[in-house]
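Descriptive structure summary
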Amino acid sequence: MSFAPINVACLGMGWWSDVLADAMKRSDKFVIRSCYTRSEEKRAAFAEKYGCAAASSYEAILADPSIDAIINTTPNNVHLETTRQAAEAGKHVFLDKPIANTLAEGRAITEACRKAGVVLALGYQRRRESQFRWIKKQIDAGVFGKLVNAEANISRDRLGKIDLNSWRYQAAGMPGGVMLQIGVHYVDVLEYLMGPIMAVSGQAAQLVLPGDNPDVATLLLQHENGALSTVNASYASATENYVMNIYGKEASAYYDLHGGLRFIKRGTEKAEAVPFTKNDTFVDELDEFAAAVRGQGTPETGGDYATRSLGVIRAGIISAREGRRVQLAEVLADPLA
């Protein structure tokens, strides 16, 4: 994969903008040319850290013909406007997940980029982790046989670490709380490994953290192939942990952050450790985006997929609120969802 680096501008200066900027510095596919956020102090600090210009306005970035793409880490509720402006200016967009807070805005974002002929990629880096790529390869090769069940947990300790002034921890800015902010990652991995999701049952609670948003949530997912899976997301646990167990008729795989990856086949009594090397998922997804900008392939997680993924979370929110199982088709068909 050889091509000239793409020139990018970073929009929205927060901790995640630095995560992606650091990844671009580890890659040879990007040149960070400019940045913008409304806070003059934040954009000046970002510009100094990454050796780029601090633009006086977003409009100035969009008018700059040297900029190929926008790395967009703005709040969810302005994803539509900022991405639409970028698309209309002919700029490709790498957008942090979720695509938006509503499916209507997710569709509008996708259509704006499609209409303008620009690349839209969403940041779902967790599916790219090497243990999940290994499991996916075995599933595709038929090693697991019929998939029957899965269980996932994505937990972080945020006690005393949250800023209630941040949109990320407010119901208006992040509806669904922990499920939309981090749970969506493992919903994505489950759909990647187990197949499309068709129905959702959800529950949520606020148990430890202050504010107005759930810090614990659970979804029970039914996949189109009949398999059932669960995903638990928490900001209220004592430590960080990640769990992804995949069960098939002929084989199963067990992954957790502290114990690594294990694998067992039918007829054997002991799960064997599977060695894997931790990969740079951020560079992986960003390099794929850069290649797509240069006309080499398409992003693995684009706008249509990201809107569907958001639909699963929206279905879970409805289920928790109304106490019923929700078909994903119902949510996807709702123009106001």
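Just so it is clear, the structure is predicted and the values come from calculations on it, not from any experiment.

1. Describing the overall build of the chain
- Across its full length, the chain carries ten helices and 15 strands.
- Taken against the 2.2 N^0.38 rule, which gives 20 Å for 337 residues, the C-alpha radius of gyration of the chain at 20 Å falls within 12% of a compact globule.
- Expressed as lengths along the three principal axes of its C-alpha atoms, the size of the chain is roughly 60 × 45 × 40 Å.
- By element, 51% of the accessible surface of the chain is carried by carbon and sulfur atoms, the whole surface being about 14,500 Å².
- Averaging the locations of the 37 positively and 39 negatively charged side chains of the chain gives two centres separated by 3 Å.

2. Here we look at the side chain of Gln125
- Mapped onto the secondary structure, Gln125 falls in the loop between β6 (120-123) and α6 (130-140).
- When neighbours within four sequence positions are excluded, Gln125 is seen to be in contact with Trp16, His185, Thr281, Phe282 and Glu285.

3. So, helix α9 (residues 303-322)
- If you check α9, its first and last C-alpha atoms are 28 Å apart, about what 20 residues at 1.5 Å a residue would give, namely 28 Å.
- Just downstream of α9, Gly323 is the residue with a positive phi angle, here 65 degrees.

4. Remarks on the sheet that holds strand β9 (residues 216-223)
- Taken together, nine strands build an open sheet; the order of strands is β14-β13-β12-β11-β7-β10-β9-β8-β15 and the sheet is mixed. Of all strands in the sheet, those bounded by a partner on one side alone are β14 (272-273) and β15 (326-327).
- The sheet contacts of α6 involve β7 (147-157), β11 (236-248), β12 (251-256) and β13 (260-265), and relative to β13 the element is tilted by about 15 degrees.
- Against the sheet, α9 engages β8 (197-205), β9 and β15, with an angle of about 50 degrees to β8.

5. Some remarks on the pattern of salt bridges
- A complete count under the given rule lists 21 salt bridges for this structure.
- Among the salt bridges present, the one from Arg133 reaches Glu300, with a minimum N-O distance of 3.0 Å. Note that Arg133 is positioned in helix α6 and Glu300 in the loop between α8 (281-293) and α9, a separation of 167 residues in sequence.
- Owing to a relative accessible area of 25%, Arg133 belongs among the partly exposed residues under this scheme.
- One network of salt bridges, in which partners are shared, links Arg127, Arg133, Asp188 and Glu300.

6. Regarding the pairing of strand β2 (residues 30-36)
- In terms of burial, β2 is a largely internal element, five of the seven residues being buried.
- Pairing analysis gives six bridges linking strand β1 (residues 6-11) to β2, with the strands arranged parallel. The residue of β2 that forms the bridge with Leu11 is Tyr36.
- For the crossover that starts at β1, traverses helix α1 (residues 15-26) and ends in the parallel β2, the hand is right-handed.
- Regarding topology, helix α2 (residues 40-50) serves as the crossover connection from β2 to the parallel strand β3 (residues 53-54), and that connection is right-handed.

7. Quick look at the side chain of Arg43
- Along the chain, Arg43 turns up in helix α2.
- The buried charged residue Arg43 lacks any salt bridge partner; its closest oppositely charged side chain belongs to Glu40, at an N-O distance of 4.7 Å.
- One polar contact links the side chain of Arg43 to the main-chain carbonyl oxygen of Ala55, over a distance of 3.2 Å.
- In contact with Arg43, not counting residues within four places along its chain, are Met13, Cys35, Tyr36, Thr37, Arg38, Ala54, Ala55 and Ser56.

8. Considerations on the packing of aromatic side chains
- One pass over the structure, following the stated rule, counts twelve aromatic pairs.
- Relative to Tyr242, the ring of Tyr186 lies with its centre 6.3 Å away and its plane at 65 degrees, an arrangement referred to as edge-to-face. Here Tyr186 is found in helix α7 (residues 178-194), whereas its partner Tyr242 is found in strand β11, with 56 residues between them in sequence.
- Counting every residue linked through ring pairs, the aromatic cluster contains Phe132, Tyr186, Tyr242, Tyr255 and Phe276.
- Note that Lys29 overlies the ring of Phe3, its terminal NZ or CZ placed 5.7 Å from the centroid.
- Cation over ring: Arg127 sits above Tyr305, and NZ or CZ is 5.0 Å from the ring centre.

How each quantity is defined
- Residues numbered from 1 in each chain as written.
- Predicted model: local features only at pLDDT ≥ 70, side-chain atom pairs only at ≥ 80, totals over all residues.
- Heavy atoms only, no water.
- Helix = DSSP H or I, 4+ residues; strand = E, 2+ residues; numbered from the N terminus.
- Rg over C-alpha atoms; globule rule 2.2 N^0.38 Å.
- Areas by Shrake-Rupley, 256 points an atom, 1.4 Å probe, with all protein chains shown as cover.
- Lys, Arg positive; Asp, Glu negative; His and termini not counted.
- Charge placed at Lys NZ, Arg CZ, Asp CG, Glu CD.
- Contact = heavy atoms within 4.5 Å.
- Expected span 1.5 Å × (residues − 1).
- Pairing = 2+ DSSP bridges.
- Axes fitted to C-alpha atoms, helices over the stretch in contact; angles between N-to-C directions.
- Salt bridge = Lys/Arg side-chain N within 4 Å of Asp/Glu carboxyl O.
- Buried < 20%, exposed > 50% of the residue type's maximum accessible area, 1.4 Å probe, protein only.
- Right-handed = clockwise from strand over helix to strand, strands pointing away.
- Polar contact = N/O pair within 3.5 Å; in protein donor to acceptor, adjacent residues only side chain to side chain.
- Phe/Tyr/Trp six-rings, centres within 6.5 Å; stacked < 30°, edge-to-face > 60°.
- Lys NZ or Arg CZ within 6 Å of the ring centre and 35° of its normal.

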